[in-house]
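Coordinates in review
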Amino acid sequence: MGRYLLTRLWQSVVTLVLASLVVFIGVRQLPGDPALAMAGEEATPEQLAAVRADMGLDQPLVTQYLAFVRNTFSGDFGESTRTGTPVTELIATTLPVTLWLSAYAIVVAIVIGILFGVIAERFRGRWPEWVANAFALVGLSVPNFWLGILAILYLAVTLGWFPASGYVDVFSDPLRGLYYLTLPALILGTGLAAVIMRQTRASMIETMTTDYVRTARAKGLGRGRVLVRYGLRNSLIVVVTIVGLQLGGLISGAVVTERIFALPGFGKLTLDAVFTRDYPVIQAVVLIITVSYILINLAVDILYSVVNPKIRVGGAN
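The name an unreviewed UniProt entry assigns to the protein chain is ABC transporter permease, from the organism Arthrobacter bussei. We quote the UniProt Sequence similarities (unreviewed entry) comment for the protein chain here in full: "Belongs to the binding-protein-dependent transport system permease family."

As for the packing of helix α7 (residues 144–158) against helix α8 (residues 174–207)
The geometry of α7 relative to α8 is characterised by a closest axis approach of 9 Å and an angle of 145 degrees between their N-to-C directions. Seen from above, α7 lies across α8 with right-handed handedness. Residue-level inspection shows Asn144, Leu147, Gly148, Ala151, Ile152, Leu155 and Ala156 of α7 in contact with α8, the latter providing Leu183, Ile187, Leu188 and Thr190. Split by residue class, the contact of α7 with α8 holds eight nonpolar, three polar and no charged.

Overview of the UniProt feature "transmembrane region" (unreviewed entry) in the protein chain
According to UniProt, the positions carrying the feature "transmembrane region" (unreviewed entry) are residues 9–27, 99–119, 131–157, 177–197, 235–261 and 281–304. Split by type, residues 9–27 is 100% helix and 0% strand. Its first and last C-alpha atoms lie 26 Å apart. Here residues 131–157 runs as 93% helix and 0% strand, with 27 Å between its end C-alpha atoms.

Quick word on helix α11 (residues 266–275)
Among the residues of α11, Phe266, Gly267, Leu269, Asp272 and Ala273 are the ones counted as buried. A positive backbone phi angle near 55 degrees is found at Arg277, which sits one or two residues after α11.

Side note on unusual backbone geometry
The phi torsion of most residues other than glycine is negative, and most of the peptide bonds are trans. At Ala262, a position not held by glycine, the phi torsion is positive, near 55 degrees. Mapped onto the elements of the fold, Ala262 is located in the loop between α10 (223–260) and α11.

Regarding the pattern of salt bridges
Scanning the model with the defined rule gives two salt bridges in all. The shortest N-O distance in the salt bridge between Arg201 and Glu129 comes to 2.6 Å. Pair noted here: Arg201 is in helix α8 and Glu129 is in helix α6 (residues 127–141), with a separation of 72 residues, a long-range link. Ionic pairing is found between Lys268 and Asp272, a salt bridge with its closest N-O pair at 3.0 Å. In this pair, Lys268 and Asp272 are both assigned in helix α11, four residues apart and thus about one turn of the helix distant.

Here we look at the layout of surface pockets
Estimates place the volume of the second largest pocket at around 220 Å³. Val13, Leu16, Val17, Ser20, Tyr65, Phe68, Val69, Thr72, Phe73, Leu287 and Val291 are the residues that line the second largest pocket. Contributions of two or more residues to the lining of the second largest pocket are made by α1 (2–28), α4 (61–73) and α12 (279–307). Its residues placed into classes, the lining of the second largest pocket shows nine nonpolar, two polar and no charged.

Quick look at a nonpolar patch on the surface
A cluster of nonpolar side chains, contributed by Trp10, Val13, Val14, Val17, Leu18, Leu21 and Ile25, occupies part of the molecular surface with about 630 Å² of accessible area. If you trace the backbone, Val17 turns up in helix α1.

What to know about the packing of helix α5 (residues 87–122) against α6
The geometry of α5 relative to α6 is characterised by a closest axis approach of 8 Å and an angle of 145 degrees between their N-to-C directions. Considering the relative orientation of α5 and α6, their crossing is left-handed. Each of Ile112, Phe116, Ile119 and Ala120 in α5 lies in contact with α6, whose residues at this interface are Pro128, Glu129, Ala132 and Phe135. Along the lines of polarity and charge, the residues of the contact of α5 with α6 split into seven nonpolar, no polar and one charged.

Considerations on the nonpolar core
Grouped together as the largest cluster of nonpolar side chains are 34 residues, with contacts concentrated most on Leu101, Leu192 and Ile196. Taken together, the elements giving at least two residues each to this core come down to α5, α7, α8, α9 (211–218) and α10. In terms of residue count, α8 provides more of this core than any other element does, nine residues in total. Listed in part, the 16 residues of the second largest apolar core include Leu95, Tyr279, Val281 and Ala284.

Topic: α6
Here α6 contains 15 residues, and its C-alpha end-to-end distance of 21 Å stays within 8% of the 21 Å for a straight helix at 1.5 Å per residue. Within α6, the full set of buried residues consists of Pro128, Glu129, Ala132, Ala136 and Gly139. The buried residues of α6 occupy an angular sector of 100 degrees when projected down its axis, which confines them to one face. Exposed and oriented more than 90 degrees from the buried face of α6 are Trp127, Trp130 and Leu137. On its buried side, α6 packs onto α5 and α8.

Focus: the confidence of the model for the protein chain
Residue-level pLDDT values for the protein chain average 77, and 85% of them are 70 or greater. Within the protein chain, the element-level pLDDT minimum falls on helix α2 (residues 34–39), averaging 64, and the maximum on α7, averaging 86. For the stretch residues 313–317, pLDDT sits under 50, and the model shows seven contacts to residues farther than four places along the chain or on other chains.

About the criteria used
- Residues numbered from 1 in each chain as written.
- Predicted model: local features only at pLDDT ≥ 70, side-chain atom pairs only at ≥ 80, totals over all residues.
- Heavy atoms only, no water.
- UniProt positions renumbered as here; feature names shortened; annotations may be inferred.
- Axes fitted to C-alpha atoms, helices over the stretch in contact; angles between N-to-C directions.
- Helix = DSSP H or I, 4+ residues; strand = E, 2+ residues; numbered from the N terminus.
- Left-handed = near helix turned anticlockwise from the far one by under 90°.
- Contact = heavy atoms within 4.5 Å.
- Nonpolar A, V, L, I, M, F, W, Y, C, P; charged D, E, K, R; others polar.
- Buried < 20%, exposed > 50% of the residue type's maximum accessible area, 1.4 Å probe, protein only.
- Salt bridge = Lys/Arg side-chain N within 4 Å of Asp/Glu carboxyl O.
- 1 Å grid on protein atoms, 1.4 Å probe; cavity = no way out; pocket = protein on both sides within 12 Å on 5 of 7 lines; lining within 4 Å.
- Points joined across faces, edges and corners; volume = space filled by probe spheres on them.
- Patch = residues over 30% accessible without salt bridge, like charges linked within 9 Å, V, L, I, M, F, W, Y side chains within 5 Å.
- Areas by Shrake-Rupley, 256 points an atom, 1.4 Å probe, with all protein chains shown as cover.
- Core = buried A, V, L, I, M, F, W, Y, C linked by side-chain atoms within 4.5 Å.
- Expected span 1.5 Å × (residues − 1).
- Arc of directions from axis to C-beta.
- pLDDT = per-residue confidence, 0-100.

As structure tokens, this is what we get:
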């Protein structure tokens, strides 16, 4: 186990270094001049040169990259070229919104996906399975932005069940904050719930045909108990994999959902930074998302042995 963790950590470090290079070089290939965006269209060449020198853009790329790595390790992502606010403050303000939304969407997706997956397996060939499959088809095929617009139109505006937009800090008012996040979380988690439902159903169908399940049924255990104790537990391995892979995607993919529901999260910060060529913010955002993917994948590998002790993580390649 220890050797495996060391190997995974080493691979994660290499991945992070390569990702930082890609982010650093890719951002600088974006069209536009951040110095011009910061100084204004009417800036003189002397003013532009002063802004570039202040931002370090007049230095060689190698020097800029080393400075970027050094500042990142010290927790200094620089200042926004658009507002002059430290990037760390911008991230501290917007990241919790996206994390709350993503976590809420994950919970919604797991509950709905596993519930519909169990129903689809338990009632194969009958109308509950058809309903579950129809839900999965809608969740996989309909874009989130379209579902979000429909949800705002009917559930928020027409019926008044949820607010159409806005955000309330969960820490200051937990119940009201979660209430404002409910509709965005339902929309964001729909696609993931459909994936979890399909995979849970397929995994449980396969598990319920194994020899040890037939043996348990032969000993007198009821189908419902076997379904939960054996079928569902083995299906959790698939769920853990999907959730681990999709959690980072939810953080980065919440851009559209946050835009539709006017949430002041990571998505709005990212779009504003891209539109204004805000190098420090873009670099910090992409780096944080990359680190999230790496840490989540490492956590998923470790959780495999917790969900199913028969999986020997120490022997994994």
